[in-house]
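Listed below are the residues making up each chain.
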Amino acid sequence: MQSSVVSEGGALRPREEWWSRPCAFYGAAAAILCLALVTRAIALTAEGFWFDELWIWRQMQLSFPELMHDMVYQDVHPPLYNVLLWLWTRLFGTAELALRLPSLLFGVATVAVLMAWAKRLRGPRLALWVGVVASVGEYAVYYAQEARSYSLMLFIAALYTYAFFALREGVQWRRMLLFVLSGVGLLYTHVFGGLLVAFFGLSYLLLRWRKLHGAFELRPWASSQVAIALAFVPWLPSMLEQASRVQSGFWIPKLDLLFFARFFAKYNGNAWLGVFAAALLLFLVVDLLRKRRSAASDDAPQTSATMFLVFGVAWYAFMLGVPFVISALGQPILHDKSAISVLLPLYVLLALAMTRLPRLWSGLVLLAWVALSLYAIIFGNYLAQNREGWREMTTAVEKEYDAESDFVVLYHPDYDYFYCYHYYLDPAIPTLDLLCKGDDCLGPVQAMSEKNGKKRRLWLLRMRASDDFPAGLDGRWTLQRREPFINGVLDVLVR
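Residues numbered from 1 in each chain as written. Predicted model: local features only at pLDDT ≥ 70, side-chain atom pairs only at ≥ 80, totals over all residues. Heavy atoms only, no water.

Colleague: Whenever I open this one, the sheet that holds strand 4 (residues 431-435) confuses me. Can you help?
Modeller: Picture the strands of a sheet paired through backbone hydrogen bonds; they go either parallel or antiparallel. Strand order in the open sheet formed by five strands is 4-3-5-7-6, with mixed pairing between adjacent strands. Strands with a single pairing partner mark the edges of an open sheet, and in this sheet they are strand 4 and strand 6 (478-485). Mean inter-strand twist for the sheet, computed between neighbouring axes without regard to direction, equals 20°. On the sheet, helix 18 (residues 390-400) packs against strand 3 (406-412), strand 5 (457-463), strand 6 and strand 7 (488-494) and is oriented at approximately 175° with respect to strand 5. (Pairing = 2+ DSSP bridges. Helix = DSSP H or I, 4+ residues; strand = E, 2+ residues; numbered from the N terminus. Axes fitted to C-alpha atoms, helices over the stretch in contact; angles between N-to-C directions. Contact = heavy atoms within 4.5 Å.)

Colleague: Would you take a moment to explain the state of the cysteines for this structure?
Modeller: Put plainly, two cysteines are in a disulfide when a covalent bond ties their sulfur atoms together. Summed over all chains, the structure comprises one disulfide. What pairs with Cys436 in a disulfide is Cys441, and their sulfur atoms sit 2.1 Å apart. Negative torsions about the S-S bond denote left-handed disulfides, and the value of about 115° found for Cys436 with Cys441 makes this one right-handed. Like Cys436, the residue Cys441 is buried in the burial classification. (Disulfide = S-S within 2.5 Å. Buried < 20%, exposed > 50% of the residue type's maximum accessible area, 1.4 Å probe, protein only.)

Colleague: Just checking my understanding: could you explain the pattern of salt bridges for this structure?
Modeller: Two side chains with opposite charge may pair up if their charged atoms get near one another. Here the structure, examined in full by the defined rule, presents 19 salt bridges. Put simply, Glu400, Asp406, Arg457, Arg481 and Glu483 are held in one network by salt bridges that share partners. (Salt bridge = Lys/Arg side-chain N within 4 Å of Asp/Glu carboxyl O.)

Colleague: Would you mind going over the pairing of strand 7 with me for this structure?
Modeller: Residues in a regular strand point their side chains to alternate faces of the sheet. Counting buried residues in strand 7 gives six out of seven residues, a clear majority hidden from the surface. Bridge analysis of strand 6 against strand 7 gives seven bridges, and the strand direction is antiparallel. Along strand 7, the bridge assignment pairs Pro484 with Val489. Once strand 6 ends, the chain turns through two residues before running back antiparallel as strand 7, passing Asn487 with a positive phi of about 60°.

Colleague: Help me out: how do you make sense of unusual backbone geometry in this one?
Modeller: Of note, Arg464 is a non-glycine position whose phi angle comes to about 60°, a positive value. Positionally, Arg464 belongs in the loop between strand 5 and helix 21 (473-476). Despite not being glycine, Asn487 has its phi angle at roughly 60°, a positive value. Of note, Asn487 is situated in the loop between strand 6 and strand 7.

Colleague: Would you mind going over the pairing of strand 5 with me for this structure?
Modeller: Within strand 5, seven of the seven residues are buried, which leaves the element mostly enclosed by the surrounding structure. With burial as the criterion, each face of strand 5 is covered, one bearing Arg457, Trp459, Leu461 and Met463 and the other bearing Leu458, Leu460 and Arg462. Where strand 5 and strand 7 come together, seven bridges link them in antiparallel fashion. When the sheet's bridge partners are listed, Trp459 is paired in strand 7 with Val492.

Colleague: Can you walk me through a nonpolar patch on the surface in this structure?
Modeller: On the surface, Leu374, Tyr375, Ile378, Phe379 and Leu383 cluster together into a nonpolar patch covering about 500 Å² of accessible area. Residue position: Tyr375 is located in helix 17 (residues 359-382). (Patch = residues over 30% accessible without salt bridge, like charges linked within 9 Å, V, L, I, M, F, W, Y side chains within 5 Å. Areas by Shrake-Rupley, 256 points an atom, 1.4 Å probe, with all protein chains shown as cover.)

Colleague: How do you make sense of the environment of Trp55 when you look at a structure like this?
Modeller: Mapped onto the fold, Trp55 is located in helix 2 (residues 51-60). In this structure, the C-alpha to C-alpha distance between Trp55 and Ala243, residues 188 residues apart in sequence, is 19 Å. Excluding residues within four positions of it along the chain, Trp55 makes contact with Asp70, Gln74, Asp75 and Tyr419.

Colleague: Mind showing me how you'd approach the packing of aromatic side chains here?
Modeller: Geometrically, a pair of aromatic rings is defined through the distance of the ring centres and the angle of the planes. Within the structure shown, the criterion is met by 47 aromatic pairs. A ring pair is formed by Tyr188 and Phe232, whose centres lie 5.3 Å apart and whose planes are at 70°; its orientation type is edge-to-face. Taken together, the residues span a long stretch of sequence, with Tyr188 in helix 9 (residues 173-189) and Phe232 in helix 11 (residues 218-232) at a distance of 44 residues. Given the relative accessible area of 17%, Tyr188 is considered buried. (Phe/Tyr/Trp six-rings, centres within 6.5 Å; stacked < 30°, edge-to-face > 60°.)

Printed below as a string of structure tokens:
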């Protein structure tokens, strides 16, 4: 709703809103980016690395040829994030802050690109509302504090989306270059980046078929798709090698149809925010239906709100529906974080719904959303241990360890995860790394007990070891106490 003022001649003219003034808009945008930076910087290193981050840390110790070999034969992701991080760590090291800082920077940059995209879509007011919503998005904040590729994927997806909508207004070489480079970046960042490229391809074809405004020429579009595909060809054999390992066994469980709603709640921050978001989107649908035949359209010449609603819903359905079908027919591959790009249209749609409320209600709803999102961030991220307890477990040992009477055993029945312990455990504390299962442990346990005959207390660290316990220990040692950690157990045994 736009208010009016009376001019000196008595005619009505639209009032210039504060967000329409360039200085005010860019000042507010800068403040929003500061908010995004603060929410992502607080408690950035409050928790230690979890296993996937320690896997990244391990890869950062390799030479570049070793890294690429490891990516092909030990990893399941394309290499762009790892290569960028490898270069970064040569300058800044591999401590927790250094390893997580790129994700934080990508997260803040995503908010900036989102505001630029929203401004192009519907103007400066929507841009500022989107910026606020994205700055306090709990799901985006979480992955901006993790040394993994998901924050990078969200950033590149935002660039790709921005370039796509910019090209709809006119083909220019800078826009086309950004579109091609970001499309290649998506393919080299995550497998689900290819799904997003496919979704935009289908969207373009639909625009052409329906002859809707903004479907730019077919030749530059086809050229861009060929360029993106050719740029990915060198990695295709490696991707097939990775895919063969995923199909032979992967950790992701099968999902039921309710996952659409569960994921929606996760993407918004929690169940309550999910209900809040659903109510806002329902209001947006009703409002658009109510005003559909209104003579005073607020959609021209910018992107139609109805069109973008359909686009956003289709984005969500495609990015979750296609991998769900693939997972139902074969090996499950769908995890909520893999489809993190759906945050982009979600944030825009939520902000669009808020801006269509009466002015007072619009501000109050935005404040309520910020308050609930900050609550989710504080109690779901900052004050909650969300990752694994590698650091906490080793700290518990270091507090009581006595070199004269104690020895430490690191155990896993199947995998050599011992570098994860050693990252945090004091190097002055010697350890026995025990990798065995069932009766295979009897010999190593007997040799261990004889070698440490004068030791009276044993610290047994079992991170990611399920319920397995080394066979042979129960006959020689008595459990004194047990401390549970996330995905692990610390047992203290005495003779």
